[in-house]
Amino acid sequence: MAEQNCLVRNDWICGEYLRSRSQELIDATLQHVGITVASVAIGVAVSLPLALLARRWRFLSGPILGVTTVLYSVPSLAMFSLLLPFFGLSVSLVVTGLVLYSLTVLVRNILAGLQAVPDEARDAAKGMGYGPLRLLWEVELPLALPALLAGVRITTVSTVALTTVGAIVDYGGLGTLILDGLDTTFKAQVLTASVLCVLLAVVADLLLLVLQRWLTPWTRAHRIRTDRVSRKAAVAKVAEPA
């Protein structure tokens, strides 16, 4: 009875709300995840060619990075309003806006990763007869993977947050519940949806971190070797006679 009364009292924490609105919460969370995954995936697919163009033709680097930075600086409400005539009130409107926001981080990280590939690795691959595509796929991209995945992690977390803005067109996932709760002063809905949004960002970041470590085991091995060298140097310095 007390749990049921928490809805009447409009408490911030209400177990009855979780029980009675569980399907609504699940649907909103799934929509949030779907929009986030689609936006990040399309963002990576668009950013990779842009980063390759910026690396191949240096004169394009400035304009590409500049345009993506300008896009990121556009307020979200203004961005969605500018896209509205092209996509209408649809999920495509939200996804397109989020893709545009993702470009500034993804393009910069992919470009930085590609530029950090040692020339020796490229020369060795060319000496073994690797063509441009094979060189990119089997040498450059694997070596650029840590920077790329770091960009994906940052983009994913920010996209989880920005997806909530899609509530203005009723495609905001958990953001829709937050906005509706604010309009009706439904405290339990606002708090629950907000907590789920934060948990979603944390879980996504942790999963991507695990994926990054699994796909790039050599970076972990390099850190271990570096730590061992640092410890040996510190011990040797302490052991030196005064």
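Cut-off values and rules
- Residues numbered from 1 in each chain as written.
- Predicted model: local features only at pLDDT ≥ 70, side-chain atom pairs only at ≥ 80, totals over all residues.
- Heavy atoms only, no water.
- Salt bridge = Lys/Arg side-chain N within 4 Å of Asp/Glu carboxyl O.
- Buried < 20%, exposed > 50% of the residue type's maximum accessible area, 1.4 Å probe, protein only.
- Core = buried A, V, L, I, M, F, W, Y, C linked by side-chain atoms within 4.5 Å.
- Helix = DSSP H or I, 4+ residues; strand = E, 2+ residues; numbered from the N terminus.
- Contact = heavy atoms within 4.5 Å.
- Patch = residues over 30% accessible without salt bridge, like charges linked within 9 Å, V, L, I, M, F, W, Y side chains within 5 Å.
- Areas by Shrake-Rupley, 256 points an atom, 1.4 Å probe, with all protein chains shown as cover.
- Axes fitted to C-alpha atoms, helices over the stretch in contact; angles between N-to-C directions.
- Parallel < 35°, antiparallel > 145°, perpendicular 65-115°, else oblique.
- Left-handed = near helix turned anticlockwise from the far one by under 90°.
- Nonpolar A, V, L, I, M, F, W, Y, C, P; charged D, E, K, R; others polar.
- pLDDT = per-residue confidence, 0-100.

1. A few points about the pattern of salt bridges
Per the counting criterion, the structure on display carries seven salt bridges. A salt bridge links E24 to R21; the nearest nitrogen and oxygen atoms lie 3.4 Å apart. You can call E24 partly exposed: its relative accessible area is 33%. Residue R21 is classed as partly exposed on the basis of its relative accessible area, which comes to 32%.

2. Digging into the nonpolar core
Judged by nonpolar contacts, the single largest core of 19 residues is most densely connected at V107, I110, L111, L114, L148 and V152. Looking at this core, the elements with two or more residues in it are α3 (22–56), α4 (58–73), α6 (91–115) and α8 (132–163). Among the elements that line this core, the one with the most residues is α8, at seven residues. Excluding its chain neighbours within four sequence positions, the residues that come into contact with L111 are A51, A54, R55, S61 and L65. Formed by 15 residues, the second largest nonpolar core is a distinct cluster that contains L25, V160, A188 and C197.

3. Notes on a nonpolar patch on the surface
A grouping of W12, I13, L191, V195 and L199 is seen on the molecular surface, where their side chains present a nonpolar patch of about 500 Å² in accessible area. Topologically, W12 is positioned in the loop between α1 (2–9) and α2 (15–20).

4. A few points about unusual backbone geometry
Notably, D170 is not glycine yet its phi reads approximately 70 degrees, a positive angle. Tracing the chain through its elements places D170 in the loop between α8 and α9 (174–184). With relative accessibility at 52%, the residue D170 sits in the exposed group. Located in the positive-phi region is T185, a residue other than glycine, with phi close to 50 degrees. Looking at the element boundaries, T185 is found in the loop between α9 and α10 (187–215).

5. Describing the packing of α9 against α10
Running from N to C, α9 and α10 cross one another at 155 degrees; their axes reach a closest spacing of 8 Å. Between α9 and α10, the interaxial angle falls into the category roughly antiparallel. Crossing angle aside, the handedness with which α9 passes α10 is left-handed. Residues L174, L177, I178, D180, G181 and L182 of α9 lie in contact with α10, whose contacting residues are Q189, V190, A193, S194, L196 and C197. Tallied by class, the residues present in the contact of α9 with α10 amount to eight nonpolar, three polar and one charged.

6. What about the confidence of the model for the protein?
In the predicted model, the protein carries a mean pLDDT of 83, and the fraction of residues at 70 or more is 88%. Within the protein, helix α11 (residues 217–239) has the poorest average pLDDT of any element, 51, and α3 the best, 92. Below pLDDT 50 for its whole length, residues 232–239 participates in zero contacts with residues either more than four positions away or in separate chains.

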